[in-house]
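Remarks on the overall topology
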Amino acid sequence: MVIAGHYVVDTWQGHTLVKKFIFGKFEGVVTEWISFVVFLGIPLVTLCITLCARLANFWEITSLVWVSCVGAFYMIFSGGIVLYENRACLEAMKNQFENDVDTLPHLLARAILLRQKHFYSGTTSSIYLAEGAIDDGKGLDATAHKREETHRLSKDIYSHFIGFLTSTCGGLGLFHRLSV
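Residues numbered from 1 in each chain as written. Predicted model: local features only at pLDDT ≥ 70, side-chain atom pairs only at ≥ 80, totals over all residues. Heavy atoms only, no water.

To continue, consider the confidence of the model for the chain. A residue-level look at the chain finds 68% of positions with pLDDT of 70 or above and a mean pLDDT of 76. At the low end of the mean pLDDT range in the chain sits strand β1 (residues 124-127), at 69; at the high end sits helix α3 (residues 28-52), at 89. (pLDDT = per-residue confidence, 0-100. Helix = DSSP H or I, 4+ residues; strand = E, 2+ residues; numbered from the N terminus.)

Okay, structure coming up:
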């Protein structure tokens, strides 16, 4: 639904995403001609042919051709968007850690491992009180003004439960720590 909404907005605003990502090799005028042919050219030619052939259901055939052309253009748009989104996510995963894993199976295995770690680990929050300005112009980092005596570490109930089940906390030994 989100991609369909972006497709409508992109079409209304003059195919900005299509010009940039899908037909990036061509000029903007070529993209406009392609969209003209898909949205109006092919349906108008179909209308003329069905009117010249004196078909009784000319409007029905023209409407089906128009919907098919818009659907085909939408499939090209959504395929391009999904391709670029996935490529960007894989690039971000590739550059996130120090070890350079370039193969797709290793990146997918890392994605599955990170998702499992995120799902099974729960949440832990660290809260500090800070004193003074965070950045007073001396080039210090933001952690320089933390007061250690105000540090509070809080875990949710799920984190306590998983900690009870892991082998490292003296628990039941059902889970082992994952290395990412």
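What follows concerns helix α4 (residues 58-96). Compared with an ideal rise of 1.5 Å per residue, which puts 39 residues at 57 Å, α4 spans 57 Å between its outermost C-alpha atoms and is within 8% of the ideal. Turning to α4, its buried residues number three or more, namely T62, C69, V70, F73, F77, S78, G80, I81, M93 and K94. (Expected span 1.5 Å × (residues − 1). Buried < 20%, exposed > 50% of the residue type's maximum accessible area, 1.4 Å probe, protein only.)

With that settled, consider the nonpolar core. Residues Y7, V18, V38, F39, C69, V70, F73, F77 and I81 constitute the largest nonpolar core, which totals 9 residues. Sorting the residues of this core by element identifies α3 and α4 as the ones contributing at least two each. In terms of residue count, α4 provides more of this core than any other element does, 5 residues in total. When sequence neighbours within four positions are dropped, the list of residues in contact with F39 reads Y7, T11, H15, W66, V70 and F73. (Core = buried A, V, L, I, M, F, W, Y, C linked by side-chain atoms within 4.5 Å. Contact = heavy atoms within 4.5 Å.)

Now for the packing of α3 against α4. Orientation of α3 relative to α4, taken along the N-to-C sense of each, is 160 degrees, at an axis distance of 9 Å. One finds that α3 runs roughly antiparallel with respect to α4. Remark: the crossing between α3 and α4 carries right-handed chirality. Mapping the contact onto sequence places I34, S35, V38, F39, I42, P43, T46, L47, T50 and L51 in α3 and F58, W59, I61, T62, V65, W66, C69, V70 and F73 in α4. (Axes fitted to C-alpha atoms, helices over the stretch in contact; angles between N-to-C directions. Parallel < 35°, antiparallel > 145°, perpendicular 65-115°, else oblique. Left-handed = near helix turned anticlockwise from the far one by under 90°.)

For α3, built from 25 residues, the straight-helix expectation of 36 Å at 1.5 Å per residue is met to within 8% by its first-to-last C-alpha distance of 34 Å. Listing the buried residues of α3 in full gives T31, S35, V38, F39, G41, P43, T46, L47 and T50. On its buried side, α3 packs onto α1 (2-12), α2 (16-22) and α4. A positive backbone phi angle near 55 degrees is found at R54, which sits one or two residues after α3.

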